Amino acid sequence: MAGRGGSGADRWAMPRRGRGGGVVRANLSNPHGADLTKYMKRGAPKPDFKRSRAAEPTVDQIQADNLTALAKTYWAPHTAKNHVEYNPDVVDEIYKNDIKGSSFSIKRIMMLEFSQYLENFLWPNFKADSCSLAHVMSILIIVNEKFRERVPAWTAFQYRPDQFPGFFHAVLKFAVAPTDQVSISEQTRILVFLDHCFTSMEVDLVRTQVQRLVSLPMWICLLDSRREAELKAIPKWKKYWKLLQKKDAKETPENRDKLLFERKFLRSIINKYMAILYTIQEKECPEENVEYVERFLILIIDLEALLPTRRFFNTVLDDSHLVVRSSLAPLSKRPEGRLFVQLLDQVRFYTRFEINDETGEPLSQKDMMGVHYQRIGDLQRAVFVKYPELRKFSLATIASIEDRDQLVKYFQRLNRDTLYDICEYLHLVPDKGGENDSPEDYTQEFLSELVISRHEKRDSQLQELNEMPLYPTEEFIWDEGLVPGEYYQGESPLALPKLNLQFLTLHDYLLRNFKLFQLESTYEIRQDIEDVVSRLRPWRAEDDSVIFNGWARMALPLQAFTIVEVAKPNIGERQPSRVRADVSVHLSVRDQIKEEWEGLRKHDVCFLLTIRPPQSATDINYLDIPANEYLETTGLAYVRGCEVEGMLDENGRVIEEFGSEPKPKFSTGDRTFRVRLDCNQYREDMDLTSQGAEDVYSSFNVLMRRKPKENNFKAVLETIRELMNTSCVVPDWLHDIVLGYGDPASAHYSNMPNNISTLNFNDTFIDFTHLRESFPHYEVRVADNLTKDQIVPPFKVTFHDVVGEKKVDSGKRNSDGDDKAAAPRTLTVQPFTLENRGPYPKNIPKKNTVRFTPTQIEAIRAGTNPGLTMVVGPPGTGKTDVAVQIISNLYHNFPEQRTLIVTHSNQALNQLFEKIMALDVDERHLLRLGHGEEALETEKDFSRYGRVNYVLAKRLELLEEVTRLQKSLGVAGDVAYTCETARYFYLYQVLSRWEEYLSKVGGPRSPKVEKEGLDDLFPFHVFFSNAPKPLFKGASFSDYYECAMSCWRYISDIFTQLDEFWAFELLRSGLDRTRYLCVKEAKIIAMTCTHAALKRQELVQLGFKYDNILMEESAQILEIETFIPLLLQTPADGVNRLKRWIMIGDHHQLPPVVKNMAFEKFSNMEQSLFTRFVRLGVPPIELDAQGRSRPSICSLYNWRYRALGNLPHVLNHPDYKVANAGFSFDYQLINVPDFNGVGESQPSPFFYQNLAEAEYVVAVYMYMRLIGYPAAKISILTTYNGQKALLRDVCGARCANNPLIGMPHKIATVDKYQGQQNDYILLSLVRTYNVGHLRDVRRLVVAMSRARLGLYVFARVSLFKNCFELQPAFNILMKRPLQLHLCPNELFPSKRMANVTAPNPVIVYDMPMMSKFVVDFYKDKVKQLKMIQARMAPKPGDIKPVVKTGATRHHPGDNDSDEEKEEVPVVKEIQNEVEMEKKAVSAENKAAAALEKVFEEPENTEMEEDS
């Protein structure tokens, strides 16, 4: 949008036109208060900023605001021609009045950021030598805002990179300036900016500046004695230090001062933090000081949690004693200091982290004990000689003095001088009596705490984790400090772990992911419990019993709860090894819900609740209660998790899930479930009960279940915890990349030592020309000088540059440049003939038919080679085809290897499987794990039990073939009884005959008979009597010989398969057979990432093994769910056997779904591993030709990719050549004005709706159906769930019961529709007051790329056109008219070509006009149909009546996926407000009102003409 509002800059604002010529002031005294109403349009819902997720300014506020006038004058992009020259006073005035003057109001800063203030005004005019505080602060505040809104922040600086060092230096100076020059709240903003810099190390511009602050020279801040001791321990660093001193001596005094400032910067800012921290005393606690120290600790945590910044800084931090001084500060004892204490705990954790700061190697528990013993030993030596009163301490065993209590006993009673001497000996304090020795800084309390905290034994983080209950309890669930609410805006600090670019060790990586996954699942559980409680509507009766007034699908009141088993603890543990209970409920619900309850599977998680509503809560609706009041208001006393073991039958036995017996019948509605409770939690609760607390387990009164798809948290947490307890072995070639260190390209196939020079591409190439086109940068040679006719696929290709590289690696480099310069870019093609597998047509292998592009071929080559392959697949570029071809090539090149396929959704897995089955892969080697196989569109069952059944059926089929072979050879006996007997038959009867035959006929090189003799002597003629005749054909001996060999291969293949199936005879139970199949038989195993996390333990115990992983949809999978599949096998001899990891995804489309905004924004939890690898610089292969959309539609999103072109068929196929019937354009942006003064609305918070757009979209859909478009080819998409619900209601009212129209293929949100496509998309963007989450370009890319042939976008153009991130797409959309252009005389399919302009289109100006048009159009259609019907009508009495049920034509895919079925507020009846008004209305509005009646009385409805 144009600029946004600043105030007070009156002197430079444009004069107001018209009377008065004054200037609008926009200095809002309270940017979050009532003043805003004067900037809002009448009828617009007033924003509730306390609850608002993002306080974005509305269009009207922006246009009424003075910042807009300033922007138009100086920097707005659309007024570039009329800009006035730069004036630095404008920056100062805006900063004074609108940024600092509004107390850094998010709203004002958003308006400036949105208007491109940084890109077009601040940065282009920045001069480092003459910059003001206002200019520097304005830039960094806009950068912080970009980070808060998660839009690219560093782009603007790439245009004048030479100014960045000067800017950064200015920031550092202001960061340590006295508070009378730069206020504390300003310095807090500087800290936030510095934190963003330290966590953006992948940006070269930023990294070069930041590294100077945290490198070895910063050790100049250390105490001299401490520095000497540290350098003595690491000789390499001592050498560097001496070199530095020599280099510094040559610097000019000015340069030396600058260097000294940078080196001492972090120590200076730590000292500043200490000073501010200690201004907070028991009595006064300024809010801005508290925020400063919290932000400072977050900066310290981020510096400590990254190895490059931590390496030297950790020693400086230790030397500053920040942790000890902070823990003694008065703030830590005040209620305002709660977050401060949590952050300080994180700092303490990272300062002592198990890592060697020098090498970056993780330290084991044993190493950490060594460090601890070393420290205590040093302390004992320090006190041994000088202090006889501590002689007992210095001679004691370490185990007896390492606890905090023991250390307190010895050291707290010592006087200050003694403590100071000890600390000086340990290099912890300056020399006694020196200038830095001040009694105020080094008090007795501080010195004793310093000694104690440094030497106490620390608890093992892992032990705490193992003793932690995995189910959240009521206190944890509603603790806003741990689990922030849904309205987090990204503006306040939190004590949460972050997922940055790099991690210290695998333990650190897993721990952060564990905590975040736990918190995110807790947040989802909180939402589910709140929903259930509000639906149950509990109240307290007079006799104190609890009565439930409502009902909930996902919860039932308990009938009984009994603990049935508490098993003894395991050795060395305190908690019971197993706690079981029986939970009884009564199922008086409808059958479908009863089935859901009875369908609870083993390992499903349920929750037991105790609800005791207070007497006063009888009429409360239990919604929107603040978290800190929730438990008290609702009376929710306890929440405990449990895991289902199974349902009990009436005899009290657990019903087996996959048992052979039929499911038992129940005579009543009572059901009892056997559940397992959390042993750690049970012990904690019992300890409290023994101290007099209430017995939690006798109080439960509600059992709650959750949706199976969202209920896997416990298994994932258990898996992560288990990985932390085992020594995780990631392959060596991957280890550093996963943690974010080393060369990001080191795992690329070209850099791997085992790069394969000769590859069998199998059926990848269609012909030789295709192969030549696929390697444009190679010189292609053909082996053996073959003729053109002989060069037919399949091909083996040898890459000479790989062979060359291996030679170069062994010796010295030939040149200063890259090694590859020495190797010629040539390849040799070797055609080969596939062995014929038998004489039957079914033996001809299936072949690939896709003509891959050169980039796709490169992806296939990379995937077939060892190493890490990342493929970025923009929409419609054939990601799945590439994946399937890689799988096929691995299967044929390395038949002994096993490949694991992992995807995000079942739908993607099914698409892969359907394509794999079309290639030459034996289906006995395919296996699908998990519960999604039901959706496979094939008769074959690829689940574990389905595969076992296939194997058993195939075994019988093969044994029948053996019987036929036995009869054809005239052998007596029952040789085909089992696989074993068949094996003996093969060895003694079949093989002997074949060997005798070969000895008679010889071979192709030394034939012993004529070619006819091969036919005459062949021993299996009778067996092959059912094969196509003649059995032997060809012109030479070798042709005949090959025919005989193909028959033999067919026979030996029967016995090879029977050998493989032998195990299924020996294993009798279904479970054993499925396990054997999973571990031994299957070569291609597929599962979702969720299933991998759930079943890891089971798979590892089975001895599951695999060599290759292929991941589809990688950019949509959470970081930890991507990582777990790497570790589904036990390492052999401490080495992981994984050879390849192929990741296919698109980080330009939507990321993984994270429901809690705080985890998404603050903790960066939505970052997938794929996206992190791209940020780190791991080289991806970007597919560059799309085959989905028309080129014109593709232009709306291809700007987001490096070079996305079009495949030939989108230019040449008839579908793409003809225009869209009934429309002038193949895509259009249609402006939708307010209807009756209303644009967007919110019936409940964040449930956005727009009735005008919904009616418009549905009217266009009805029009399309009336001119012949099939419903199955049209999908309606929107960006919000609220609008989706409204669209369904409008469609239900207008279309569902009309046989001419019916429902569209799908009505869904853009997010849910990712990965799907349709021919025609109608898209509603909903928002009219601010852009909302469409500002995320990834959502725009998904929205624009779903359509193949037609895309019609309904939106408020004035809002979206100026959004910086969306401009590339909206600039193209706005080149076409913004009113809908129709050609109602055309019918589907169109005859008009796409490049022909439509003659005389009907222009539709708004929704009421479209509604009226559709009504009239519908009447005409009905009349035409009646006339046709009258002509074709049969005589009376000829047709017997048929009772018709339900006229709706639903498309099979009409219902959305499970996630879509949430109960949402529905609009029961859609009424246009027009009908309510008695006054005169326009013809268009009457048309809209009459639309409702049109289907009831199409003949009688009369319409006024347009006046």
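Reading the values: rules and limits
- Residues numbered from 1 in each chain as written.
- Predicted model: local features only at pLDDT ≥ 70, side-chain atom pairs only at ≥ 80, totals over all residues.
- Heavy atoms only, no water.
- Helix = DSSP H or I, 4+ residues; strand = E, 2+ residues; numbered from the N terminus.
- Buried < 20%, exposed > 50% of the residue type's maximum accessible area, 1.4 Å probe, protein only.
- Contact = heavy atoms within 4.5 Å.
- Areas by Shrake-Rupley, 256 points an atom, 1.4 Å probe, with all protein chains shown as cover.
- Expected span 1.5 Å × (residues − 1).
- Core = buried A, V, L, I, M, F, W, Y, C linked by side-chain atoms within 4.5 Å.
- Pairing = 2+ DSSP bridges.
- Axes fitted to C-alpha atoms, helices over the stretch in contact; angles between N-to-C directions.
- Polar contact = N/O pair within 3.5 Å; in protein donor to acceptor, adjacent residues only side chain to side chain.
- Parallel < 35°, antiparallel > 145°, perpendicular 65-115°, else oblique.
- Left-handed = near helix turned anticlockwise from the far one by under 90°.
- Nonpolar A, V, L, I, M, F, W, Y, C, P; charged D, E, K, R; others polar.
- Phe/Tyr/Trp six-rings, centres within 6.5 Å; stacked < 30°, edge-to-face > 60°.
- Lys NZ or Arg CZ within 6 Å of the ring centre and 35° of its normal.

Q: Just give me the short version of the overall build of the chain, but keep the residues and values in it.
A: The helix and strand inventory of the chain stands at 55 helices and 28 strands. The buried share of the chain, reckoned over its 1507 residues, is 55%. Relative to all contacts within the chain whose residues are 6 or more apart in sequence, the contacts with residues 24 or more apart total 77%. Total accessible area computed for the chain in this model is approximately 66,700 Å², and 50% of it derives from carbon and sulfur atoms.

Q: Got a sec to walk through helix α7 (residues 164–175)? Specific residues and values, please.
A: Given a rise of 1.5 Å per residue, twelve residues ought to cover 16 Å, and the 16 Å separating the end C-alpha atoms of α7 matches this to within 8%. Along α7, the positions that sit buried rather than exposed are F164, F167, F168, H169, A170, V171, L172, F174 and A175. On its buried face, α7 sits against α6 (133–148), α8 (184–198), α9 (204–211) and α12 (253–277).

Q: Please provide a residue-by-residue account of the nonpolar core, values included.
A: Residues F167, L868, F1020, F1024, F1055, W1141 and F1173 are the most contacted members of the largest nonpolar core, which totals 249 residues. Excluding anything up to four places from it in sequence, F1173 contacts I737, V738, L868, M870, W1141, M1143 and V1178. Of all hydrophobic cores here, the second largest spans 48 residues; its members include A1221, A1259, M1407 and V1422.

Q: Quick one: what's the story with helix α25 (residues 506–536), residue by residue and with numbers?
A: In an α-helix there are 3.6 residues to a turn, and that puts residues three or four apart on one side. For α25, with 31 residues, the first-to-last C-alpha span of 44 Å sits near the 45 Å given by 1.5 Å per residue. A positive phi of about 45° marks R537, the residue just after α25.

Q: Please provide a residue-by-residue account of the pairing of strand β16 (residues 1084–1088), values included.
A: In regular strands, side chains alternate between the two faces of the sheet. Burial analysis of β16 places five of its five residues in the buried class, the great majority of the element. Both faces of β16 are covered, namely the face carrying I1084, A1086 and T1088 and the face carrying I1085 and M1087. With five bridges connecting them, strand β14 (residues 899–903) and β16 associate as parallel partners. Bridge pairing in β16 places T903 opposite T1088. Across three bridges, strand β15 (residues 926–928) lies against β16 in parallel orientation. Directly across from R928, in β16, lies its bridge partner A1086.

Q: Got a sec to walk through the sheet that holds strand β25 (residues 1318–1324)? Specific residues and values, please.
A: Reading across the sheet, the five strands line up as β22-β26-β25-β23-β24 and stay open at both edges, with parallel pairing between neighbours. Edge positions in the sheet fall to β22 (1227–1231) and β24 (1306–1309), since each has one partner strand and no second. Between one strand and the next, the sheet's axes are offset by a mean angle of 20°, whatever the strand orientation. Here β25 runs beside strand β26 (residues 1347–1355); their pairing, made up of six bridges, is parallel.

Q: Tell me about unusual backbone geometry, and please be specific about residues and values.
A: The omega torsion across K1029 and P1030 is -10°, close enough to zero to call that bond cis. Mapping P1030 onto the fold places it in the loop between α38 (1011–1017) and α39 (1037–1066). Of note, the amide linkage connecting F1388 to P1389 takes the cis form, showing an omega dihedral of -5°. Secondary-structure assignment places P1389 in the loop between β27 (1380–1382) and β28 (1402–1404). Residues other than glycine seldom take positive phi values, yet S103 does so here, at roughly 55°. Tracing the backbone through its elements, the reader meets S103 in the loop between α3 (88–99) and α4 (106–114).

Q: I'd love a proper account of the side chain of Q1129, names of residues and values included.
A: Topologically, Q1129 is positioned in the loop between α42 (1119–1123) and β18 (1140–1145). Assessed through its relative accessible area of 5%, Q1129 is described here as buried. Within the structure, Q1129 has its side chain in polar contact with the backbone nitrogen of Y1106 (distance 2.9 Å). Of the polar contacts made by the side chain of Q1129, one reaches the side chain of N1136; its length is 3.3 Å. Those residues in contact with Q1129, other than ones at most four positions away along the chain, are V1100, F1104, K1105, Y1106, N1136, R1137 and L1138.

Q: Account for the packing of α7 against α8, naming residues and giving values.
A: Put simply, α7 and α8 touch, their axes get as near as 10 Å, and they point 135° apart. When the interaxial angle is binned, α7 and α8 end up oblique. Note that α7 runs across α8; the crossing there is left-handed. Touching F167, F168, V171, L172, F174 and A175 of α7 are Q187, I190, F193, L194 and C197, all from α8. Along the lines of polarity and charge, the residues of the contact of α7 with α8 split into ten nonpolar, one polar and no charged.

Q: Help me get a handle on the packing of aromatic side chains, residues and values and all.
A: Considering all chains together, one arrives at 81 aromatic pairs under this definition. A centroid spacing of 4.9 Å and a plane angle of 5° characterise the contact between W994 and W1048, whose relative ring orientation is stacked. In this pair, W994 sits in helix α37 (residues 979–1001) while W1048 sits in helix α39, placing the two residues 54 residues apart along the sequence. Take W1048: its relative accessible area is 9%, and that puts it in the buried class. When the centroid spacing of 5.9 Å and the interplanar angle of 80° are considered together, the rings of W1141 and F1173 count as edge-to-face. Of this pair, W1141 sits in strand β18 while F1173 sits in helix α44 (residues 1169–1176); the two residues are 32 residues apart in sequence, bridging distant segments of the chain. Grouping residues by exposure puts W1141 and F1173 together as buried. Taking the ring centre of F446 as reference, the NZ or CZ of R325 above it sits at 4.0 Å. Over the ring of F384 we find R391; its NZ or CZ atom is 4.9 Å from the centre of that ring.

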